[in-house]
Amino acid sequence: MVTSLPARPPRAALALTTLLLVLAGLLGTALITPPARAASLVQVGSFGANPGNLAMYAYRPDGLPGGRPLVVLLHGCTQNASGYFADSGWRKYADQWGFALVLPQTSSANNSSSCFNWFQTGDTTRGQGEAASIRAMVAYAVADYGTDPSRVYVSGLSAGGAMSAVMLATYPDVFAAGSIAAGLAYRCASSLTEASGCQYGPTSRTPQQWGDLVRNAYPGYTGPYPRVAVWQGQSDYTVVPANGAQSRDQWTNVRGVSQTPSSTRSLTGGTTLKVYGDDDVRLYEISGMGHGLPVDPGGAADQCGATAAYFLDTICSAYHDARFFGLDGGAQPSPTPTATTSITPSPSTSPSPRATPSATPTGTCVRASNYAHTTAGRAYQSGGYTYAKGSNDAMGLWNTFTTHALRQTGQDYWVLADGQC
């Protein structure tokens, strides 16, 4: 058999191909199709003691080495692990920053609405029920995946948010930090009847009383308690906004800091961020948002997730939580207070010719491509990705197509400011 050779391509086609390859090198990976991902969410059949009758699902990015962090994600009522994994936005940052995910799943056998039983003492006590099952999943991940036992975090929505508070209270020796989205304070309720009262109205307790509920969850514990972020929609009629304030009172008291914020900052999506102590506790209050997890679909560095039932398009909570947990590999971010100080931009920093600067109360604001930001000294690139200089805010791929706004808040210190200038 004689196999004919392919016809030689015209010189113009060769020249075009060469040009595209050169551009691909200059623009990072913008013109190169990324390799297919083999990793997927998988169910773990046996993970140890399971008194709470929960199922375990896990996700490990391709090539994840040992010693990496672990985040536990707890779904809301009527949801499941796969839906939460698909829509919450956490997979993006697990892939980008390299950490494992564990997603416990409850069922109608435990609760008619497939809610975690955050109000049942048998499931919210250390060493018992659902709390003990989730703890066993963490132990399994540390032993079998080699995740770092000192960098374990938990986050959840609604009943899952309330269960996140349960895990932080009952296992402060396991979790370094956590977040509570549209959830409730630990032991706000200890029965189904009390649960309804907590959800729909404020409970009369002082910060000290809220804090005592946590301290009594693990008597004799003398170690540090986790840092906590609280997310609360201000138009939530399922878990009313008073619950966000109660969670704030509980965890500021446990952390030993004032209930008066040390700084306040406006973020995208109608979000107000109040920080307490030295970033011990955060309270995100989202104007006009109902009951759900904040997501912000899109391709920017601080965008994530997909809209669906109880996944509401406002702001990417996973991005802010991952950075609050320190999962981005940089220093802990320090939120910039609004309207408290006026910082004069450094005269040595000049915007790139393709950038658009504008003056703001906190300093110079510049919108430009990631490539332009790096060449002007406002950002740097590492491994094909771009990071704001000073704050280390992740900005996505290093190329001329991805654009972001950066605001200067100090000498050689820039923060991501999309939607703010």
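Our structure's up above, just so we're on the same page.
This write-up is about the structure you can find in this document. (Residues numbered from 1 in each chain as written. Predicted model: local features only at pLDDT ≥ 70, side-chain atom pairs only at ≥ 80, totals over all residues. Heavy atoms only, no water.)

### Brief notes about the nonpolar core
At step 1: Judged by nonpolar contacts, the single largest core of 57 residues is most densely connected at Met56, Val72, Val102, Trp118, Met163, Phe175 and Trp251.
At step 2: Discounting chain neighbours no more than four positions away, the residues touching Phe175 are Val72, Val138, Val152, Tyr153, Val154, Met167, Leu168 and Pro226.
At step 3: Ranked by size, the runner-up nonpolar core spans 51 residues in total, among them Phe85, Tyr93, Ala94 and Leu273. (Core = buried A, V, L, I, M, F, W, Y, C linked by side-chain atoms within 4.5 Å. Buried < 20%, exposed > 50% of the residue type's maximum accessible area, 1.4 Å probe, protein only. Contact = heavy atoms within 4.5 Å.)

### Concerning the sheet that holds strand 1 (residues 42-44)
At step 1: The strand order across the open sheet formed by 10 strands is 1-2-4-3-5-6-7-10-9-8, and the pairing between neighbours is mixed. Each edge of the sheet is formed by a strand with only one pairing partner; in this case those strands are strand 1 and strand 8 (263-267). Across this sheet, the average inter-strand angle for adjacent strands is 20°, counted without regard to direction.
At step 2: As defined by bridge partners, strand 2 (residues 55-59) adjoins strand 4 (residues 100-105) across five bridges and the pair is classed as antiparallel. Note that in strand 4 the partner of Tyr59 across the bridge is Leu101.
At step 3: Each of strand 3 (70-74), strand 5 (152-157), strand 6 (177-181) and strand 7 (227-233) touches helix 5 (residues 159-170); the most contacted strand, strand 5, lies at about 150° to it. (Pairing = 2+ DSSP bridges. Helix = DSSP H or I, 4+ residues; strand = E, 2+ residues; numbered from the N terminus. Axes fitted to C-alpha atoms, helices over the stretch in contact; angles between N-to-C directions.)

### Describing the pattern of salt bridges
At step 1: In the structure shown here, the tally under the stated rule is 10 salt bridges.
At step 2: Salt-bridge contacts for Glu285 lead to Lys274; the nearest nitrogen and oxygen are separated by 3.2 Å. With Glu285 in strand 10 (residues 281-286) and Lys274 in strand 9 (residues 271-276), the pair connects residues that are 11 residues apart, well separated along the chain.
At step 3: In the salt-bridge network here, residues are joined through shared partners; they are Arg227, Asp279 and Arg282. (Salt bridge = Lys/Arg side-chain N within 4 Å of Asp/Glu carboxyl O.)

### A closer look at the pairing of strand 9
At step 1: Strand direction decides the pairing type here: strand 8 and strand 9, joined by five bridges, are antiparallel. Residue pairing across strands places Thr264 opposite Lys274, the latter belonging to strand 9.
At step 2: What sits between the antiparallel neighbours strand 8 and strand 9 is a turn of three residues, in which Gly269 has the positive phi angle 70°.
At step 3: Sheet topology note: the strand 9/strand 10 ladder contains six bridges and is antiparallel. Note that in strand 10 the partner of Val275 across the bridge is Arg282.
At step 4: Taking the residues that link successive antiparallel strands as the turn, the strand 9-strand 10 hairpin has four residues, and the phi of Gly277 there is positive, at about 65°.

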